[in-house]
Amino acid sequence: MNSEWKSFLQEQGANFNEQGSIKDFGNPELEHFLVKHGPILADLSHQTLIKVTGEETATFLQGQFSNDLNDVTDTKGQLTAYCEPQGKVLALITVFKQGEAYYLSFDSSLKDQIMQRLTMFKLRSKVELEDVSEQMIQIGYAGEFADLDLQRALSTKIKETYQVESVSKEGLEGVIGIKLPGPYHRYSLFGDIETIKQIWNTLSGNSEGVGQNDWALLNIVSGQPEVTVNTSNEFIAQFLNLDKLEAINFKKGCFPGQEIIARMHYRGKATKRMVRLHINEPLSLTSGEELVLQDDADRNYKFAIISIGQDIYEGSIALAVTTLKPLESAQGDLKTATGSIATIEPMPYDLAEE
């Protein structure tokens, strides 16, 4: 994290954990509850930002990612996956562009791995990769009326998911806003440190700062997977529901893992899917770990945790990958080893096979 930015956040009341992530801004119970409706502000420094430039950038990235880069414009970003040849997802990336430069935002625990892989595959291509995470600060803003807040406070309208707009309010130009999927309006904002400070101060008058774990709850309730160093290279794209999240274009042509991913799409169906669980007890699991649930007939069902957090009311809420077929014959409630009930909740998108 940029040291000047960290000092600014500490001045706003941010408390950091041993890993350097923000725990809270001094009122954890209120902040946690406000996640449900907002408005909330969050530091997103756990996301790396890579700037890609050069005359062959579009061609190069088109051959690396699962989505169609031709759909990315100065006003439209996208979610895409970087996969290995067997179709397993190495990273989930939000892509946007400004002018001739493309920007890749993904979990910072994967920065070295993804930078090394992109560098290896670009060979002699006229492409330059630059980590600009320290120069372009990323923050998040969310709430039921966050679209109106941005319009009033920043003179900027961003209505559609993955729409990209430059902040137009005088003195705040140069900040880029992207609307993210969510149960309500949710945005990432990118800009230089001084302007982002002004944005934070402007928006904080009508919102509460929250920690990284609270912000992550918005991905869980939205059914949006996160890929970190713990889950990279573990799951085929469809197992993370990326086909349902429009992160795969099956007509764009070749990319790493395309053959495996396309075969599953056209010839079969996904044997595993990511589901959302609510468990009636707080769990200390982390991404990449396994949760075993048992039905009333004492049969076991395994769930690989993608992300997990504390529900705002009680218990835990998680995204987890599991084999679907055995669940069809499950008897009674699914329970943890301690007897707490685990419920599979509906996703905000349809998981039915086409």
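Structure: above.
Residues numbered from 1 in each chain as written. Predicted model: local features only at pLDDT ≥ 70, side-chain atom pairs only at ≥ 80, totals over all residues. Heavy atoms only, no water.

**Some remarks on the nonpolar core**
Cut-off, in case you're wondering: We call a set of buried Ala, Val, Leu, Ile, Met, Phe, Trp, Tyr and Cys residues a nonpolar core when their side-chain atoms join them within 4.5 Å. With a 1.4 Å probe rolled over the protein chains alone, any residue whose accessible area is under 20% of its type maximum counts as buried; one over 50% counts as exposed, and the rest are partly exposed. Runs of H or I in DSSP of at least four residues are treated as helices and runs of E of at least two as strands, each being numbered from the N terminus. Pairs of residues are marked as contacts when any of their non-hydrogen atoms sit within 4.5 Å.
Of all hydrophobic cores here, the largest spans 73 residues; its most connected members are Val89, Leu104 and Leu242. With seven residues, strand β6 (residues 89-98) is the largest single contributor of residues to this core. Excluding residues within four positions of it along the chain, leucine 104 makes contact with Thr48, Leu49, Ile50, Val52, Leu61, Phe65, Ile93, Thr94, Val95 and Leu118. In terms of nonpolar packing, the next biggest core, distinct from the first, is built from 26 residues, Ile22, Tyr141, Ile193 and Trp200 among them.

**Examining the layout of surface pockets**
As a reminder of what qualifies: Points on a 1 Å grid, built from protein atoms alone, make a cavity when a 1.4 Å probe fits but cannot get out and make a pocket when they are open with protein on both sides within 12 Å along at least 5 of 7 lines; residues with an atom within 4 Å of a point are the lining residues. Grid points are joined across faces, edges and corners, and a volume is the space filled by probe spheres set on the points. Under the grouping applied here, Gly and all other residues not named as nonpolar or charged are polar, the nonpolar ones being Ala, Val, Leu, Ile, Met, Phe, Trp, Tyr, Cys and Pro and the charged ones Asp, Glu, Lys and Arg.
Reported here for the second largest pocket is a volume of approximately 420 Å³. Along the walls of the second largest pocket sit 22 residues, with Leu79, Thr161, Tyr162, Leu245 and Glu246 positioned nearest its centre. Residues that form the lining of the second largest pocket fall into these classes: nine nonpolar, eight polar and five charged.

**Describing the sheet that holds strand β12 (residues 185-191)**
Strands belonging to one sheet form pairs held by backbone hydrogen bonds; the direction of such a pair is parallel or antiparallel. Which entries qualify depends on this criterion: By definition, two strands form a pair when at least two bridges between them are found by DSSP. Orientation is described by axes fitted as lines to C-alpha atoms, over the contacting stretch for helices, and by angles from 0 to 180 degrees between their N-to-C directions.
The mixed open sheet is built from six strands, whose spatial order is β10-β11-β12-β9-β3-β13. For this open sheet the edge positions go to β10 (164-166) and β13 (208-210), each flanked by a neighbour on one side alone. Going from strand to strand, the sheet's axes swing by 25° on average, the running direction of each strand aside.

**Some thoughts on helix α4 (residues 111-122)**
The condition is simple: Given the number of residues in a helix, its expected span is that number minus one, multiplied by 1.5 Å. What the arc covers is the set of directions going from the helix axis to the C-beta atoms.
End to end, α4 covers 16 Å across 12 residues, agreeing with the expected 16 Å (1.5 Å per residue, within 8%). By the burial criterion, the buried members of α4 are Ile114, Met115, Arg117, Leu118 and Lys122. In a view along the axis of α4, the buried residues occupy a sector of 165°, so they form one face of it. Along α4, exposed side chains directed more than 90 degrees from the buried face belong to Asp112 and Gln116. Taken together, the buried residues of α4 touch β4 (47-53), α3 (57-62), β5 (78-83), β6, β7 (101-107) and β8 (128-131). Positive backbone phi, approximately 50°, marks leucine 123, located one or two places after α4.

**Quick notes on the sheet that holds β6**
One open sheet holds the five strands; their spatial order is β5-β6-β7-β4-β8, and the pairing between them is antiparallel. Because the sheet does not close on itself, it has two edges, and the strands there are β5 and β8. Geometrically, the sheet is characterised by an average inter-axis angle of 30° between neighbouring strands, direction not taken into account. Inspection of the sheet shows β4 paired to β7 by six bridges, in the antiparallel sense. Among the inter-strand pairings, leucine 49 is bridged to a residue of β7, identified as serine 105. Where α4 meets the sheet, its contacts fall on β4, β5, β6, β7 and β8, and the angle it forms with β8 comes to roughly 170°.

**Points about unusual backbone geometry**
Residue proline 39 is bonded to the preceding glycine 38 through a cis peptide linkage, with omega at 0°. When you line up the elements, proline 39 lands in the loop between α2 (28-34) and β3 (40-43). At leucine 123, a residue that is not glycine, the phi angle is positive and equals roughly 50°. Within the element layout of this structure, leucine 123 appears in the loop between α4 and β8. Even without glycine at this site, tyrosine 162 takes up a positive phi of about 65°. Relative to the assigned elements, tyrosine 162 resides in the loop between α5 (146-154) and β10. Relative accessible area serves as the criterion here: at 11%, tyrosine 162 is assigned to the buried category.

**A few points about the packing of helix α1 (residues 3-11) against helix α6 (residues 193-204)**
Pairs of packed helices are described in terms of their axes, by the angle between the two and the distance that separates them. Selection criterion: Just so you know how the angles are binned, under 35 degrees is roughly parallel, over 145 roughly antiparallel, 65 to 115 roughly perpendicular, and the rest oblique. Helix crossings are classified by the rotation of the near helix relative to the far one: an anticlockwise turn of less than a right angle makes the crossing left-handed, while a clockwise turn makes it right-handed.
Running from N to C, α1 and α6 point in directions that differ by 15°, and their axes come no closer than 11 Å. In terms of orientation, α1 lies roughly parallel with respect to α6. Between α1 and α6 lies a crossing whose hand is right-handed. Facing α1, whose interface residues are Glu4, Trp5, Phe8 and Leu9, α6 presents Ile193, Glu194, Ile196, Lys197, Trp200 and Asn201. Looking at the contact of α1 with α6 residue by residue, the classes come out as six nonpolar, one polar and three charged.

**What about the pairing of β6?**
For β6, the buried fraction is high: nine of the 10 residues fall into the buried class. Where β5 meets β6, six bridges bridge the pair, whose relative direction is antiparallel. Its bridge partner being in β6, threonine 80 is matched across the sheet by isoleucine 93. Remark: five residues form the turn of the hairpin made by β5 and β6, two consecutive strands paired antiparallel; glycine 87 in that turn has positive phi of roughly 85°.

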